[in-house]
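Descriptive structure summary
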Amino acid sequence: MRNKRLILLFWLCGWLLSPNIALSDKIDDQRRSFLQAEKYLAEKNDTGFLATAANLVDYPLYPYLRYQWLKGHLTQTDQVLGFLTKYKETRYAPLLRAKWLDYLAEQEHWQDFIRYYVEDEDSVDDCQWQWAKHQTGKQQQALAEAKRLWLLGEAANKNCQALFSALAKSTQLTPDLIWQRFETALQKNNLAVAQATALLLTKTDRKAAENWLKLHQRPNLVTDSQFWHDKTGQTGRLFAHAVKRWSTGDIDKAMLYWDSKKKDFSIDTQTAQDVERKFGMHLLSN
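Throughout what follows, the structure given in this document is the object of discussion. (Residues numbered from 1 in each chain as written. Predicted model: local features only at pLDDT ≥ 70, side-chain atom pairs only at ≥ 80, totals over all residues. Heavy atoms only, no water.)

Moving on to unusual backbone geometry. Even without a glycine there, the phi angle at Glu108 is positive, about 60 degrees. Take Glu108: it is sitting in the loop between α5 (92–106) and α6 (110–116). You can call Glu108 exposed: its relative accessible area is 57%. Its identity as a non-glycine residue notwithstanding, Asn189 has a phi of 60 degrees, on the positive side. Along the chain, Asn189 turns up in the loop between α10 (175–187) and α11 (191–198). (Helix = DSSP H or I, 4+ residues; strand = E, 2+ residues; numbered from the N terminus. Buried < 20%, exposed > 50% of the residue type's maximum accessible area, 1.4 Å probe, protein only.)

All told, the structure shown has nine salt bridges when counted by the stated rule. With a closest N to O distance of 3.1 Å, Asp125 and Arg148 form a salt bridge. Here Asp125, found in the loop between α6 and α7 (127–135), pairs with Arg148, found in helix α8 (residues 139–150); they are 23 residues apart in sequence, far enough to count as distant. Exposure remark for Asp125: the relative accessible area of 43% places this residue in the partly exposed category. Of the charged contacts, one joins Arg237 and Glu183 as a salt bridge, the two residues approaching to 2.6 Å between their closest N and O atoms. Here the residue Arg237 occupies a position in helix α13 (residues 234–249), and Glu183 occupies one in helix α10, the gap between them amounting to 54 residues. Since its relative accessible area comes to 30%, Arg237 is described here as partly exposed. A relative accessible area of 12% places Glu183 in the buried class. Because the salt bridges share partners, they merge into one network encompassing Asp125, Glu145 and Arg148. (Salt bridge = Lys/Arg side-chain N within 4 Å of Asp/Glu carboxyl O.)

Where α11 contacts helix α12 (residues 203–217), the two axes come as close as 10 Å, and the packing angle between them is 165 degrees. With respect to their mutual orientation, α11 and α12 come out roughly antiparallel. Where α11 crosses over α12, the handedness of that crossing is left-handed. Where α11 approaches α12, its residues Leu191, Ala194, Gln195 and Ala198 are matched on the opposing element by Arg206, Ala209, Leu213, His216 and Gln217. Along the lines of polarity and charge, the residues of the contact of α11 with α12 split into five nonpolar, three polar and one charged. (Axes fitted to C-alpha atoms, helices over the stretch in contact; angles between N-to-C directions. Parallel < 35°, antiparallel > 145°, perpendicular 65-115°, else oblique. Left-handed = near helix turned anticlockwise from the far one by under 90°. Contact = heavy atoms within 4.5 Å. Nonpolar A, V, L, I, M, F, W, Y, C, P; charged D, E, K, R; others polar.)

Quick look at the structure:
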């Protein structure tokens, strides 16, 4: 009787454990298949990859595998869209969408780009998005955003070059707009941007821009009278800019010179406050 009970107990244990053993075997098989699929990806063996990946649909890393394959097959529109719908909650969906939109832009498929672009808080700063609008009939809206981006004084990345080129050819790129970008670039110490922007100025204005560039790089020259034949308007902003730069290296001399000479220039209230705020920050840090 006791032997029969032991046999029954062993049978029950085996029956309870068998599903877990089978599951463990399946996971081990999937892990091996996953590694094989990665190998096929590296070898660009599409046939082998697709056959192997087909058996991994319920594997947790399957979305990763599909993403890795699809980013090299962006012409497969239906499959890309299917992935973006089915796996929209995964971290791979936005990564694939970004690569696919870059592909559509490179191919100049602007209607498709517009159709599948997802607008968010970053859209206004996306030059590709603005250029797509420009190419699909919304030129004025795109140029208005191009103007705003231009005035940030930042280097134009490759996605912004076409948009900025269109702005440069339009009537919206005024001399005042060029000066604003030039000055903003210098305020941000984007020297290369300022130098490139100066080339768009007239010959006369380029001479003035050269003074800005000299004083930006050697602000202690602010005491040299050769720069101050005209002490109104833009010259006042240049004087303020040079003194702010000078204060970084010698706060005491910059403050004394500012106090003794600022009344000789036409300097608006905001610009004067910016200089004195900079003095305050230096004094606090010291």
